[in-house]
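Working through the structure, step by step
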Amino acid sequence: MKLESIQIEPYAYALARKLRSAHGEMRHRYGFILKARTSLGHICYGEVAPLPDFSEETYDQAGAMLTSLDSSGALRKELGNDLSAITEYCDALRLLPSVRHGVEQLFLDGLSQDKAMSVAQCLNPAAVTQVETAHLAADAASALEAVKKGFRTIKLKVGYQEAAEDLRRGIAVRKAVGEGINIRLDANGAWTPGWAIDVLKRMAPCEIECIEQPVTAEDIDGLAWVCEASPIPVAADESVRTAAQVINVLEKRAAKIVVLKPMFCGGPILTYALGRLAQERGVKVMITTALDSAIGRASALHVAAALSGPLSIPAGLDTGHWLAEDSGNLPEPLEGFMHLSEAAGLGVYDMRVCL
């Protein structure tokens, strides 16, 4: 397979509303859209979008690497018609994670279209065609509204305010949605291990599904200690962006769940491999986005579909509504499920990017 007519376009999308986390507030999402044509005439896409305070690289670093790749002709190299050829080539290029995501996605979208199958099927022939997703809520009212739309998993950001307020919101959300609805928390590394245990013990009566990243990403020993002592299952998020980090967390039994974001991990193919590795160790997998545009969200959707099974939990894909602008249309969740398009490749349609 060979890609032709490579185009790279930066974007700056305003958020529909500011997003608050332990890292502060965010009002815009910046990134790059990649577009190419395969030798068979199929149009394929990729997205490069590092996230401030979360990604290992900056927007400027990613942009500089993309410029270098474009000027050197690296994206026009002819590859074999299988996943291993894409993986080996990306390994050789030694790309930053978000750049690798865009390049992997670009080649994979093209390959799957040339093979007349979805990206998910290209990753795993047994992939499902719909994926359950969680909904990020701010309070009891928005949580109840989501449940009325069919969502069965609600996510709350915690750690950016006093623990008493987190507890109050947790109690209020549980009272509003009732039993049978999953509530998960995400602290984005806001707590020390001791403080995390104290807060989680107080939150336990709210019947919490899991707590994402209770301590800083670098504190794997602390994460393992919290995992052992917490009454709520611990999910590693920022701590598991690379293969080495996933293996480290698995070996130290530092989490019951790993949260994998293709944009951070380095692409859909690599993320699928990391997810399979975790599942083989008996650890559950949650696939989420990094507030990507429709093209990036499609990548996460297909990986989640490829990894679906007993060791997967509802994904975090319902993030498109956070963007006031977008790169294209991706079907919105229906009754809490994201459905893959019947089209080959990524299945994103009505592209809005001007390339």
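Rules behind the numbers
- Residues numbered from 1 in each chain as written.
- Predicted model: local features only at pLDDT ≥ 70, side-chain atom pairs only at ≥ 80, totals over all residues.
- Heavy atoms only, no water.
- Helix = DSSP H or I, 4+ residues; strand = E, 2+ residues; numbered from the N terminus.
- Rg over C-alpha atoms; globule rule 2.2 N^0.38 Å.
- Buried < 20%, exposed > 50% of the residue type's maximum accessible area, 1.4 Å probe, protein only.
- Contact = heavy atoms within 4.5 Å.
- Lys, Arg positive; Asp, Glu negative; His and termini not counted.
- Charge placed at Lys NZ, Arg CZ, Asp CG, Glu CD.
- Salt bridge = Lys/Arg side-chain N within 4 Å of Asp/Glu carboxyl O.

Considerations on the overall build of the chain
- Of regular secondary structure, the chain possesses twelve helices and twelve strands.
- Against the globule reference of 20 Å for 355 residues, the chain gives a C-alpha radius of gyration of 19 Å, in line with a compact fold.
- The burial tally for the chain puts 56% of its 355 residues in the buried class.
- Sequence separation of 24 or more characterises 70% of the internal contacts of the chain that already satisfy a separation of 6 or more.
- Both charge centroids of the chain, one from 35 positive and one from 44 negative side chains, sit 3 Å from each other.

Here's the deal with the pattern of salt bridges
- Within the structure shown, the criterion is met by 15 salt bridges.
- In this structure, Lys157 and Asp186 form a salt bridge, with 3.1 Å as the shortest nitrogen-oxygen distance. You can see Lys157 sitting in strand E6 (residues 153–157) and its partner Asp186 sitting in strand E7 (residues 182–186), a full 29 residues away along the chain.
- On the basis of relative accessible area, Asp186 is assigned to the buried category, the value being 1%.
- With its nearest N and O atoms 2.7 Å apart, the salt bridge here joins Arg184 to Glu209. Placement of Arg184 in strand E7 and of Glu209 in strand E8 (residues 208–212) is noted, with a sequence separation of 25 residues between them.
- Overall, the relative accessible area of 17% leaves Glu209 in the buried class.
- Counted as one network, the salt bridges with shared partners bring together Lys155, Lys157, Asp186 and Glu212.

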